[in-house]
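Commentary on secondary and tertiary structure
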Amino acid sequence: MKKEQVAHCQFSVWYPIFKKHTIKSLVLPLPQNVIDYLLDDGTLVVSGSVLNTQPTHNTNSDSESVEDIQWSDDETTTTVTAPEFPEFTSNVQEAINALGGCVFPKLNWSCPRDANWIALNNSLQCQSLSEIFLLFKSSDFVTHDLTQPFHKCSDQDSPDPEIKYELVLRKWSELNPGGEFRCFVKENKLIAISQRDYTQYYHHILTQKEQVRLAIQQFFHQHIQYNFLDEDFVFDVYSDSQGRVWLIDLNPFGEVTDSLLFTWEELMSGGEVHQQQESPVLRCSTSEVTVQPSPCLSYRIPRDFADLSTGEDAYKLIDFLKLKKSQQEESEEEEDEEGEEAQQ
Ligand SMILES: Nc1ncnc2c1ncn2[C@@H]1O[C@H](COP(=O)(O)OP(=O)(O)OP(=O)(O)O)[C@@H](O)[C@H]1O
Ligand SMILES: [Mg+2]
């Protein structure tokens with residue numbers, strides 16, 4: 001896997017080519033001060049009062065409006081101002097509204113899948129930039145995009161391609177994980193397909209294996225093959241309830257991409273996968289017995305909560321609680337309004 005191949009899998013590179021076959025999305029350039037802010041562990045997402053914190057000075061001097069922590073008369077309470085990015089915030093909100101009010105956020109390559117334990121509703125669905133920031137700041141995958149996008153590339157000595165960081169907002173779509181598949185393409189040939197949510201058993205995949213394979217093969221031949229910038233790549237698809245296939249993402253053909261029910265060794269070189277001449281090998285979980293723990297389990301609670309409990313990363317908890325509170329207040333207000341309307 002070469003650096004250039006990784007660069008080709010950035011969202012804004014593949015999206016214009018396959019726009020018709022994927023979920024509607026908008027891309028916004030990430031200003032440098034927002035990138036610095038995402039990488040800075042010591043900054044908050046939401047402003048407000050904090051109890052018993054140590055006074056620290058915000059190091060993010062590039063943000064559009066940053067105030068230092070102010071001590072109130074009562075020494076146990078501080079008011080912390082999170083950095084604000086008014087112009088970027090309004091652009092993002094406009095884009096969220098244009099996509100129907102709920103979005104799935106990503107950076108150039110990755111979504112903050114490993115951070116959904118901190119999300120308000122345990123999902124990556126976002127309605128505001130604060131929610132997106134909270135997820136991004138809690139995600140190792142997002143940090144990886146920002147700090148080492150060319151990790152594991154074979155051409156380490158060549159210069160890194162220039163990367164323009166971007167916030168990708170995709171219209172929120174309820175996808176049934178049983179309809180998701182990962183497809184491996186080598187030398188422009190579809191060689192293997194794996195159930196994406198491989199830790200679960202889906203009876204329908206097993207019974208409709210042949211139809212699924214055919215639908216994906218047809219989609220590949222009609223819309224994907226020879227249209228991408230490389231001949232080795234991995235694409236993810238969703239087969240909806242009507243059997244229509246949609247493109248979800250493009251990924252590099254190499255170790256940075258999870259090979260799911262295959263191993264990279266067999267995808268690269270030999271065995272069953274390469275003996276098949278006509279149709280790709282499709283693998284899915286075959287019984288409840290094979291069900292394994294979720295792959296993101298190790299990201300879920302231990303690390304971040306360990307940080308929280310030692311006080312090293314109290315900011316994330318504060319942000320989480322504040323977002324939760326404002327969401328509650330909003331829904332109480334809505335209930336009150338509904339109550340008043342009902343009384344009238
Ligand atoms: N628009 C969307 N609305 C709701 N859920 C989505 C949307 N797009 C993707 N998802 C869900 O999020 C999962 C991850 O999305 P995606 O493949 O874009 O992220 P990724 O970071 O590139 O993942 P990977 O590291 O596995 O390549 C998908 O498998 C799908 O279940
Ligand atoms: Mg991906």
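To start, this report covers the structure provided alongside it. (Residues numbered from 1 in each chain as written. Chains lettered and ligands numbered in written order. Predicted model: local features only at pLDDT ≥ 70, side-chain atom pairs only at ≥ 80, totals over all residues. Heavy atoms only, no water.)

1. Focus: the side chain of S194
Here is the rule: Numbered from the N terminus, helices here are DSSP runs of H or I no shorter than four residues, and strands are runs of E no shorter than two. Residue contacts are counted whenever heavy atoms from the two residues lie within 4.5 Å of one another.
Along the chain, the position of S194 falls in strand β8 (residues 189–195). If we ignore the near neighbours within four places in the chain, the residues touching S194 are E180, F181, R182, F184, L260, L261, F262 and R283.

2. Some thoughts on the pairing of β8
Quick reminder of the rule: Here the term buried applies to any residue with accessible area under 20% of the maximum for its type, exposed to any over 50%, and partly exposed to those in between, with areas from a 1.4 Å probe on protein chains only. Strands are labelled as partners when DSSP assigns at least two bridges between them.
Most of β8 sits inside the fold, with six of its seven residues counted as buried. Pairing of strand β7 (residues 180–186) with β8, which is carried by six bridges, proceeds in the antiparallel orientation. Across the sheet, F181 pairs through a bridge with Q195, a residue of β8. Counting the residues that bridge the hairpin from β7 to β8 gives two residues, and of these E187 lies at a positive phi of roughly 50°. As paired strands, β8 and strand β11 (residues 281–283) are joined by three bridges and run parallel to one another. The partner of S194 across the bridge, within β11, is R283.

3. Observations regarding the pattern of salt bridges
For clarity, the threshold we go by: For salt bridges, the criterion is a side-chain nitrogen of Lys or Arg within 4 Å of an Asp or Glu carboxyl oxygen.
Scanning the model with the defined rule gives nine salt bridges in all. Taking the shortest distance from any N to any O, the salt bridge between K152 and E255 comes out at 3.5 Å. Of this pair, K152 sits in the loop between α6 (140–147) and β6 (166–171) while E255 sits in the loop between β10 (245–251) and α9 (264–268), and the two are 103 residues apart along the sequence. Given a relative accessible area of 55%, E255 falls into the exposed group. The partner of D236 in a salt bridge is R182, with the nearest N and O atoms 2.7 Å apart. With D236 in strand β9 (residues 233–239) and R182 in strand β7, this residue pair connects regions lying 54 residues apart in the sequence. Here D236 matches R182 in class, with each residue buried. Taken together, the shared-partner salt bridges connect E180, R182, R196 and D236 into one network.

4. A closer look at the sheet that holds β6
As a reminder, the rule being used: In this description, a line fitted to the C-alpha atoms serves as the axis of each element, helices being fitted only across the stretch in contact, and the angle between N-to-C directions of two axes falls anywhere from 0 to 180 degrees.
Reading across the sheet, the three strands line up as β1-β6-β5 and stay open at both edges, with antiparallel pairing between neighbours. Of all the strands in the sheet, just β1 (25–29) and β5 (103–106) have a single pairing partner and so form its edges. Pairs of neighbouring strands in the sheet enclose a mean axial angle of 20°, with direction left out of account. Helix α2 (residues 11–18) rests against β1 and β6 of the sheet, and its axis sits at about 40° to β6.

5. Some details on the coordination of the magnesium ion (ligand 2)
Our working rule: Metal donors were taken as nitrogen, oxygen and sulfur atoms no farther than 2.8 Å from the ion, or 3.2 Å where the ion is Na, K or Ca. Water is excluded, so coordination may look unfinished.
Surrounding the magnesium ion (ligand 2) are the protein donor atoms D249 (OD) and N251 (OD1), at 2.0 to 2.1 Å. Comparing D249 with N251 shows no difference in burial state: the two are buried.

6. Side note on the sheet that holds β9
Spatial strand order, β10-β9-β7-β8-β11: five strands in an open sheet with mixed pairing. Looking at which strands have only one partner, the edges of the open sheet turn out to be β10 and β11. Along the sheet, successive strands turn relative to each other by an average axial angle of 25°, direction set aside. Across the sheet, helix α8 (residues 209–224) touches β7, β8, β9, β10 and β11, and the angle it forms with β9 is around 120°.

7. A closer look at a negative patch on the surface
Put simply, the rule is: Exposure above 30% relative accessible area and no salt bridge define the residues that can form patches, which grow by joining like charges within 9 Å and nonpolar side chains of Val, Leu, Ile, Met, Phe, Trp and Tyr within 5 Å. Reported accessibility uses the Shrake-Rupley method at a 1.4 Å probe radius. Residues are deemed covered only where the shown protein chains occlude them. For the charge count, each Lys or Arg is scored as positive and each Asp or Glu as negative, with His and the chain ends excluded. By convention, the point assigned to a charge is CZ for Arg, NZ for Lys, CD for Glu and CG for Asp.
Taken together, the side chains of E330, E332, E333, E334, E335, D336, E337 and E338 define an acidic patch exposed on the protein surface. Tracing the backbone through its elements, the reader meets E333 in helix α13 (residues 314–343). A residue is classified by how much of its surface remains accessible, and E333, at 48% relative accessible area, is partly exposed.

8. Let's talk about the environment of E162
Its location among the elements puts E162 in the loop between α6 and β6. Residue class for E162 comes out exposed when judged on its relative accessible area of 66%. Sequence separation between E162 and A7 is 155 residues, and the spatial gap between their C-alpha atoms is 8.7 Å.

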